[in-house]
Amino acid sequence: MDMQKKNLGDESRPEFGHANFVRTNPKSARFRVKKFHHIEFWCGNAINSAQRFSFGLGMPIVAKSDLTTGNMVHVSYLLQSGDLNLVFTAPYSPSIGENAIGTTTASIPTFNHCAARSFSASHGFGVRATAIEVDDAESAFNTSISYGAKASSPPMEIGNGVFISEVELYGDVVLRYISFKNSSSNMVFLPSFKDDIRGNSQSGLNSVALANNEESVLLNITEPVYGTERKSQANNISRDNSEGWMYGERCEGNTVQKGGCRGFGKGNFPALFKSIEEYEKTFDP
């Protein structure tokens, strides 16, 4: 036994010991890969999952794609920290997107409504796509197929010179290729995503809802934001009420706008926000 241990640890033998280890890189890549772009999770409730990860990882929700951006098929939220992008996507109810399924209203056009529901039924919450940025998504796709990869979604342009394609990676997970023809674009993430920075410096107020686990008790907390350039939310609330918008209709766990409420909270919210803004001014130097 002692002799075996001595032989296994004998660095004088060329096959043993870190000093004799030589790392080789054949550099056999068939196309240039720049970096990881994002990881997309498929889930049943996008906002709930995004908020949980945001709280746990300390990563803010910075962008979204939903009904407000014209996306009638799915809702997606983006968490971002440096170059790390996490996307949480859930399908809308068929009653909302039944006429749009398979159309280009989806901000991620490779999204498939039936596949997403089947994925959730089989796996629950999980990673759907690992996305990498390449020089040319079409070339990367064609090269991968020529070397035996199985196609998941052919190359397509999704706007602003952004191209996307997908091949099967393992199981129901896909490898997503993304390329940008217009390197000067200032997109926050991908076309059809818009900023969703909450409690930003342009707002005069921060709002948060305190709820129990079952959400049978909801308490709204609204407080001033100090030392920022403020915009009157009283005016915004007045405009929203005059147009008949009501907040609180739920679809797949996400809050959406619903029209035709005929005076929901008429006069109450403007007065509330006005009083808070007046109180906030007392803290100005």
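Remember, predicted model here, so these are calculated numbers, not experimental data.

Rules used throughout
- Residues numbered from 1 in each chain as written.
- Predicted model: local features only at pLDDT ≥ 70, side-chain atom pairs only at ≥ 80, totals over all residues.
- Heavy atoms only, no water.
- Phe/Tyr/Trp six-rings, centres within 6.5 Å; stacked < 30°, edge-to-face > 60°.
- Helix = DSSP H or I, 4+ residues; strand = E, 2+ residues; numbered from the N terminus.
- Buried < 20%, exposed > 50% of the residue type's maximum accessible area, 1.4 Å probe, protein only.
- Lys NZ or Arg CZ within 6 Å of the ring centre and 35° of its normal.
- Pairing = 2+ DSSP bridges.
- Contact = heavy atoms within 4.5 Å.
- Axes fitted to C-alpha atoms, helices over the stretch in contact; angles between N-to-C directions.

## Here we look at the packing of aromatic side chains
Each pair of aromatic rings is reported with the distance of its centres and the angle of its planes.
Inference 1: Under the criterion given, the structure shown has 10 aromatic pairs.
Inference 2: Here the aromatic rings of Trp42 and Phe119 are separated by 5.5 Å at their centres, their planes lie at 85 degrees, and the arrangement is edge-to-face. Of this pair, Trp42 sits in strand 1 (residues 33–42) while Phe119 sits in helix 4 (residues 113–123), placing them 77 residues apart in sequence.
Inference 3: Overall, Phe119 belongs to the buried group, its relative accessible area being 5%.
Inference 4: In this structure an aromatic cluster arises from ring pairing among Phe41, Phe53, Phe88 and Phe125.
Inference 5: Sitting over the face of the ring of Phe163, Lys181 holds its NZ or CZ atom 5.8 Å from the ring centroid.

## Section: the sheet that holds strand 4 (residues 84–91)
Inference 1: Taken in spatial order, the 9 strands line up as 6-7-8-5-1-4-3-2-9 in an open sheet, and their pairing is mixed. Looking along the sheet, the strands with just one partner apiece sit at the ends: strand 6 (151–159) and strand 9 (194–195).
Inference 2: Pairing analysis gives 5 bridges linking strand 6 to strand 7 (residues 162–170), with the strands arranged antiparallel. Paired with Ala151 across the two strands is Val167, which belongs to strand 7.
Inference 3: Where helix 5 (residues 137–146) meets the sheet, it contacts strand 5 (126–134), strand 6, strand 7 and strand 8 (173–180), and its direction lies at approximately 25 degrees from that of strand 7.

## A short note on the side chain of Ser54
Inference 1: Locating Ser54 in the fold gives a position in helix 2 (residues 46–57).
Inference 2: Overall, the relative accessible area of 17% leaves Ser54 in the buried class.
Inference 3: In this structure Ser54 touches Met59, Pro60, Ile61 and Leu79, once residues within four positions along its chain are discounted.

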